[in-house]
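# Tertiary structure, described
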Amino acid sequence: MKKLLHVDSSVLGPHSVSRQLSAAVVERLRQATPNVEVTYRDLSATPLPHLSGAHLAVAQGASNADPSLQQEIATSQAVLAEFLAADTIVLGAPMYNFTIPSQLKAWIDRVVVAGKTFKYDAQGVQGLAGDKRAIVVVSRGGFYGAGTPMAALEHLETYLRSVFGFIGVTQLEFISADGIQLGPEHREKAITHALQAVTALRAA
Ligand SMILES: Cc1cc2nc3c(=O)[nH]c(=O)nc-3n(C[C@H](O)[C@H](O)[C@H](O)COP(=O)(O)O)c2cc1C
């Protein structure tokens, strides 16, 4: 059975474009793939805390009796296990202040872990999560394409491409909805265009 991990990070609930589109991606993959098992993580409804020094120390073997920290470490381990178990990751990633939401950064801090998803060796860095496919849905208020005035401020897609590449995920697909804040017409056009791309996705 194929395992699919669906992650949302928008704080805009039912008004969110990336949530609408990530749900459409999951629906498309469900229809195209017999026996797919979906795990859902909502990083806005159930946020992960920022990493702390105490957390890192305990994760690296220091003893700690603080029950809240033990709970936090258990959650981090569950997040990493979920990611490692998934064949396909569907990620909703809105642009907030030119990059990912901080809720999503906290998730990435649990997933990019030395010895689990990457390692350093004599050749340099080696990604260890190369057996996965990631489909990232990005939604942006403006336009950041090559040659546009805002292109240099694009740190959402470029960052996610770097992070997934770093841990070895090369089966990386992006679906974008851009110009969401430029008015209802732009918004509708962007969503329609993105939904067309969703229908063309291959099975999980
Ligand atoms: C807090 C916040 C910050 C934003 N920052 C940017 C930005 O830097 N650049 C941009 O193009 N749009 C920005 N936007 C607009 C969003 O990218 C756009 O509304 C997008 O649809 C958000 O995805 P969502 O609807 O899934 O939350 C911002 C929106 C919010 C709520």
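Up top is the structure.
First, a word on scope: everything that follows refers to the structure included in this document. For clarity, every value in this text was computed on a predicted model and none was experimentally measured.

Around the ligand sit 17 residues, and of these Ser10, Ser18, Ser139, Tyr144 and Gln181 come closest. In this structure, serine 10 approaches the ligand through a side-chain N or O atom, which is 2.6 Å from an oxygen atom. Judged by the fraction of its atoms near the pocket grid, the ligand is located in the second largest pocket. Tallied by class, the residues present in the shell around the ligand amount to eight nonpolar, eight polar and one charged.

Moving on, we come to empty space enclosed by the protein. Think of a ball as big as a water molecule: rolled over the atoms, this probe shows where empty space is left. Applying the stated criterion to the full structure yields one cavity of 30 Å³ or more. One number sums up the size of the largest cavity: a volume of about 30 Å³. Lining of the largest cavity is provided by Phe83, Trp107, Ile108, Val111, Val112, Val163, Phe164 and Ile167. The set of elements that each furnish at least two residues to the lining of the largest cavity consists of α4 (102-111) and α5 (157-166). In terms of residue count, α4 provides more of the lining of the largest cavity than any other element does, three residues in total.

Centre distance and the angle of the planes are the two values used to describe a pair of aromatic rings. A complete count under the given rule lists three aromatic pairs for this structure. Taking 4.8 Å as the distance between ring centres and 55 degrees as the angle between the ring planes, the aromatic pair formed by phenylalanine 118 and phenylalanine 166 counts as tilted. One end of the pair, phenylalanine 118, is in strand β4 (residues 118-121); the other, phenylalanine 166, is in helix α5, and 48 residues separate them in sequence. A relative accessible area of 10% places phenylalanine 118 in the buried class. Of the residues examined, phenylalanine 166 reaches a relative accessible area of 29% and is grouped as partly exposed. Chaining the aromatic ring pairs together yields one cluster made of Phe118, Tyr120 and Phe166.

The subject of this paragraph is the packing of helix α3 (residues 67-85) against α4. α4 packs onto α3 with a crossing angle of 80 degrees between their chain directions and a minimal axis gap of 8 Å. The pairing of α3 with α4 is recorded here as roughly perpendicular in orientation. Facing Glu72, Ser76, Val79, Leu80 and Phe83 of α3, the residues of α4 in contact are Trp107, Arg110 and Val111.

This next bit is on the layout of surface pockets. Looking at the largest pocket, its volume works out to about 380 Å³. The wall of the largest pocket is formed by 16 residues, among which His55, Leu56, Ala59, Asp109 and Val113 lie closest to the centre. Breaking the lining of the largest pocket down by element, the ones donating at least two residues are α2 (53-59), α3 and α4. At four residues, the largest contribution of residues to the lining of the largest pocket is made by α3.

Cut-offs and rules
- Residues numbered from 1 in each chain as written.
- Predicted model: local features only at pLDDT ≥ 70, side-chain atom pairs only at ≥ 80, totals over all residues.
- Heavy atoms only, no water.
- Near = heavy atom within 4 Å.
- Polar contact = N/O pair within 3.5 Å; in protein donor to acceptor, adjacent residues only side chain to side chain.
- 1 Å grid on protein atoms, 1.4 Å probe; cavity = no way out; pocket = protein on both sides within 12 Å on 5 of 7 lines; lining within 4 Å.
- Sits in = over half its atoms within 2 Å of the grid points.
- Nonpolar A, V, L, I, M, F, W, Y, C, P; charged D, E, K, R; others polar.
- Points joined across faces, edges and corners; volume = space filled by probe spheres on them.
- Helix = DSSP H or I, 4+ residues; strand = E, 2+ residues; numbered from the N terminus.
- Phe/Tyr/Trp six-rings, centres within 6.5 Å; stacked < 30°, edge-to-face > 60°.
- Buried < 20%, exposed > 50% of the residue type's maximum accessible area, 1.4 Å probe, protein only.
- Axes fitted to C-alpha atoms, helices over the stretch in contact; angles between N-to-C directions.
- Parallel < 35°, antiparallel > 145°, perpendicular 65-115°, else oblique.
- Contact = heavy atoms within 4.5 Å.

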